[in-house]
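An overview of the molecular structure
If you want the building blocks of each chain, they are given just below.
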2 protein chains.
Amino acid sequence: MKYLHTMVRVSDLEQSLDFYCNKLGLRELRRHDHEAGRFTLVFLAAPGDEMAQVELTHNWDESGYDGGRNFGHLAYAVEDIYEACQRLMDAGVTINRPPRDGRMAFVRSPDGISIELLQRGQALPPREPWTSMPNVGQW
Amino acid sequence: MKYLHTMVRVSDLEQSLDFYCNKLGLRELRRHDHEAGRFTLVFLAAPGDEMAQVELTHNWDESGYDGGRNFGHLAYAVEDIYEACQRLMDAGVTINRPPRDGRMAFVRSPDGISIELLQRGQALPPREPWTSMPNVGQW
């Protein structure tokens, strides 16, 4: 298990990059523009500390976040996402976003903090019971 | 500059440790009980990835967080906290919690995400204009 990033939502990408990079001193590592989903992801890190990243999520059609939506989630890579989710389920944790794709799952902390689990390396082959498992609530 | 931790507030420490450690698989690294301030800090990390930590803040007399108060802040160590704050101020960023103690400062991202800056190593000797600088708002 390895820490990957903390995701925060930003309403104005340029203003946020100005803050996080120009002002705070983080560096942009990579950027993904998703035309279809109308969002942009930008990954930042402190210079020389590229393993611990902040992910900025900019949804093109949203503006302004309140009620805690500015904070997104903590993300961790796991060795086996099915095993990780099974262990969480066995422990009574709701899998809000099951790993139907063998790659990504979301759960929530008792205080509603979203935790993203990502399969390390390649996605695992789709497998039941995950393939048929519906989403539960939000994350 | 180096990533230290992401802080989240928790309303029930035992329930949260059960989630983050027993269920999610993080490990408790250290714990500080502050009787006077009536709060407990617990630092967690993925096994083998101790440099990237999650800090749980449990205020003994608070219960339940909404409006985004469950998310606390991102924290970074800096080489010189006065230089870092001066650079931010020069760039037009409000120093919500100036480093009066030569050790700790807080600013906010454009979307209100709190960013904690911590002096690497020992605190610097107190110095003006920081010593007389008042807090601004919350962080």
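Everything numeric here is computed off the predicted structure, so don't read it as measured data.

1. Some points on the sheet that holds strand β2 (residues 27-34) of chain B
Residues and elements named next belong to chain B.
- Across the sheet, 7 strands lie side by side as β2-β3-β4-β1-β5-β7-β6; this open sheet has mixed pairing. Taken across any chain shown, the strands that pair with only one partner, and hence form the sheet edges, are β2 and β6 (104-108). The mean angle between the axes of side-by-side strands here comes to 25°, regardless of whether they run parallel or antiparallel.
- Sheet analysis places strand β1 (residues 2-9) next to strand β4 (residues 49-59), joined by 5 bridges and oriented parallel. When the sheet's bridge partners are listed, H5 is paired in β4 with Q53.

2. Concerning the interface of chain B and chain A
- Each partner contributes to the interface: chain B provides 38 residues, whereas chain A provides 38 residues.
- The set of elements that each furnish at least two residues to the side of chain B that touches chain A consists of β1, α1 (13-23), β4 and β5 (71-78) of chain B.
- Sorting elements by how many residues they give to the side of chain B that touches chain A places α1 of chain B first, with 6 residues.
- In the side of chain B that touches chain A, the residues fall into 21 nonpolar, 11 polar and 6 charged.

Cut-off values and rules
- Residues numbered from 1 in each chain as written.
- Chains lettered and ligands numbered in written order.
- Predicted model: local features only at pLDDT ≥ 70, side-chain atom pairs only at ≥ 80, totals over all residues.
- Pairing = 2+ DSSP bridges.
- Helix = DSSP H or I, 4+ residues; strand = E, 2+ residues; numbered from the N terminus.
- Axes fitted to C-alpha atoms, helices over the stretch in contact; angles between N-to-C directions.
- Contact = placed C-beta atoms within 7 Å.
- Nonpolar A, V, L, I, M, F, W, Y, C, P; charged D, E, K, R; others polar.

None of the figures reported here should be taken as evidence of function without further support.
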